[in-house]
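Fold and contact review
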Amino acid sequence: MMKGVFTYIQRDFIRWFRYRVGVVSTLVLPAAWLMFVGLALPVEFTGNYLDFITPGILVMTIQTAGISSGSLLMFDKMLGFLNKFLAMPVPRESILVSKILFITLRGILQSTIILVLVILIGATILNPLQYGLIYLILFLFGVFISAFSTTIALYLDDHDSFAAFTAMVTMPLFFTSSAPMPYDVMPDWLCAIAHVNPLSFAIDAIRDLGSGTIPFFSIGLLAVFSVIILCISGYVFRRITV
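Procedures and definitions
Residues numbered from 1 in each chain as written. Predicted model: local features only at pLDDT ≥ 70, side-chain atom pairs only at ≥ 80, totals over all residues. Heavy atoms only, no water. Helix = DSSP H or I, 4+ residues; strand = E, 2+ residues; numbered from the N terminus. Buried < 20%, exposed > 50% of the residue type's maximum accessible area, 1.4 Å probe, protein only. Areas by Shrake-Rupley, 256 points an atom, 1.4 Å probe, with all protein chains shown as cover. Core = buried A, V, L, I, M, F, W, Y, C linked by side-chain atoms within 4.5 Å. Contact = heavy atoms within 4.5 Å. Axes fitted to C-alpha atoms, helices over the stretch in contact; angles between N-to-C directions. Parallel < 35°, antiparallel > 145°, perpendicular 65-115°, else oblique. Left-handed = near helix turned anticlockwise from the far one by under 90°. Nonpolar A, V, L, I, M, F, W, Y, C, P; charged D, E, K, R; others polar. Arc of directions from axis to C-beta.

Scanning the protein for helices and strands turns up eleven helices and zero strands. A burial count over the protein gives 48% of its 242 residues as buried. As displayed, the protein offers around 11900 Å² of accessible surface, 72% of which is attributable to carbon and sulfur atoms.

Core analysis: the largest hydrophobic core is formed by 54 residues, its most contacted members being Val 59, Ile 95, Ile 134, Ile 137, Leu 138, Phe 141 and Leu 222. Sorting the residues of this core by element identifies α3 (49-67), α4 (69-78), α5 (81-86), α6 (93-120), α7 (128-156), α8 (159-175), α10 (198-210) and α11 (216-241) as the ones contributing at least two each. Sort the elements by how many residues they give to this core and α7 lands first, with 13 residues. Leave out the neighbours within four places in its chain, and Ile 134 touches Leu 58, Leu 126, Ile 206 and Leu 209. If you look at the next biggest cluster of nonpolar residues, it comprises eight residues, including Phe 13, Trp 16, Phe 102 and Ile 103.

In this fold, Ser 149 is placed in helix α7. On the basis of relative accessibility, which here comes to 0%, the residue Ser 149 falls in the buried class. If we skip the residues at most four places from it in the chain, Ser 149 touches Gly 66, Ile 67, Ser 68, Ser 69, Gly 70 and Phe 162.

Put simply, α6 and α11 touch, their axes get as near as 10 Å, and they point 135° apart. As the angle between them shows, α6 and α11 are arranged oblique. Where α6 crosses over α11, the two elements pack in a sense that is right-handed. Counted together, Glu 93, Ile 95, Leu 96 and Ile 100 of α6 and Leu 230, Ser 233, Gly 234, Phe 237 and Arg 238 of α11 form the full contact between these two elements.

If you want to describe how two helices pack, look at the angle between their axes and the distance between the axes. Where α6 meets α7, the axes come as close as 8 Å, and the angle between the chain directions of the two elements is 135°. Judged on the interaxial angle alone, α7 and α6 are oblique. Here α6 runs over α7; the crossing is right-handed. Judged by residue contacts, Leu 96, Ile 100, Leu 101, Ile 103, Thr 104, Ile 108, Ser 111, Thr 112, Leu 115 and Ile 119 of α6 engage Tyr 131, Tyr 135, Leu 138, Phe 139, Gly 142, Val 143, Ser 146, Ala 147 and Thr 150 from α7. Taken together, the residues of the contact of α6 with α7 break down into 13 nonpolar, six polar and no charged.

Three or more residues of helix α9 (residues 188-196) are buried, namely Leu 190, Cys 191 and Ala 194. Take α9 and look down its axis: the buried residues cluster within an arc of 100°, on one side only. Along α9, exposed side chains directed more than 90 degrees from the buried face belong to Asp 188, Trp 189 and Val 196.

Written out as structure tokens, the structure reads:
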């Protein structure tokens with residue numbers, strides 16, 4: 001199964017690198033947030049807003065990549081590649097796993113570029129252990145959001161409907177999380193939503209790392225969520241492709 005997964009991932013990376021406009025465009029929004037919000041926005045609730053907003057930008061980068069993962073499977077189905085993959089002598093779940101891992105790894109590569117950028121423009125430099133745990137959090141969140149998006153795409157089975165879904169949830173998820181502001185300055189209704197927003201779990205965990213605390217509970221929670229949604233996605237994929 002792993003050989004099939006690696007082959008599918010390699011295929012998707014080759015296709016992605018050939019689409020240079022797509023590579024650049026996925027970095028434009030987070031980079032714009034860093035430059036125009038992280039540096040230019042005057043705020044009073046934190047001394048260094050760049051350090052505060054950076055975890056949110058990293059998670060948003062993973063979210064933007066992950067929420068579009070369902071379209072990859074959908075396009076393969078529309079173009080006839082999915083049926084060919086299903087006919088190959090490898091477990092069919094390897095197709096699903098490869099899509100989720102490809103999108104997650106792609107998001108981590110994009111996040112790395114953002115991370116280098118924030119360090120260059122003045123963010124606090126952390127130690128290697130903290131950066132390693134940040135990547136672990138981003139990976140777990142990437143698996144969660146990619147598996148969730150793929151599951152929705154399998155149910156919708158229509159590109160226009162899926163595009164409408166991603167447009168509907170992307171920005172609301174970000175702005176109802178703890179990314180733009182801390183909980184204590186939010187209205188009560190927004191604070192309640194932010195506390196149950198999956199983005200907030202990842203963002204708060206990265207902020208805890210920045211303050212010197214290892215967020216074992218948040219990492220464990222993200223791992224549990226990732227496994228659950230991955231199992232659900234696998235079940236739906238098997239039913240759809242039987």
